[in-house]
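# A closer look at the structure
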Amino acid sequence: MSREIDSLLNVFPEPVVVVSADAVIQSANKAFFAFTETGADQIVGRSISQIMGTEDSAYRDIIERCC
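This is a predicted model, so every value here is computed, not measured. (Residues numbered from 1 in each chain as written. Predicted model: local features only at pLDDT ≥ 70, side-chain atom pairs only at ≥ 80, totals over all residues. Heavy atoms only, no water.)

### Overview of the pairing of strand E2 (residues 25-28)
Direction of pairing for strand E1 (residues 17-19) relative to E2: antiparallel, over a ladder of three bridges. Looking at E2, one finds that Val19 is bridged to Ile25. Connecting E1 to the next strand, E2, in antiparallel fashion are five residues, including Ala23 with a positive phi near 70 degrees. (Pairing = 2+ DSSP bridges. Helix = DSSP H or I, 4+ residues; strand = E, 2+ residues; numbered from the N terminus.)

The structure is reproduced here in structure tokens:
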């Protein structure tokens, strides 16, 4: 992700995560890192279900409805 997008994400005080259509984390804001007690190097490129401890299908349904 670009620095501009990362800066924009950090404007939000709530946890925000950007995922691809296949539920892989592309970026997140500082609030998300604090919420998950992780850093970018630990989560970018991983499935959101790995980080949040749920099944992929839960996120894929949401992503399909949004996309």
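### Some remarks on the confidence of the model for the chain
Predicted coordinates in areas of low pLDDT are best not read in detail. This prediction gives the chain a mean pLDDT of 84; 91% of its residues lie at or above 70. The weakest mean pLDDT in the chain belongs to helix H5 (residues 56-66) at 70; the strongest belongs to E2 at 92. (pLDDT = per-residue confidence, 0-100.)

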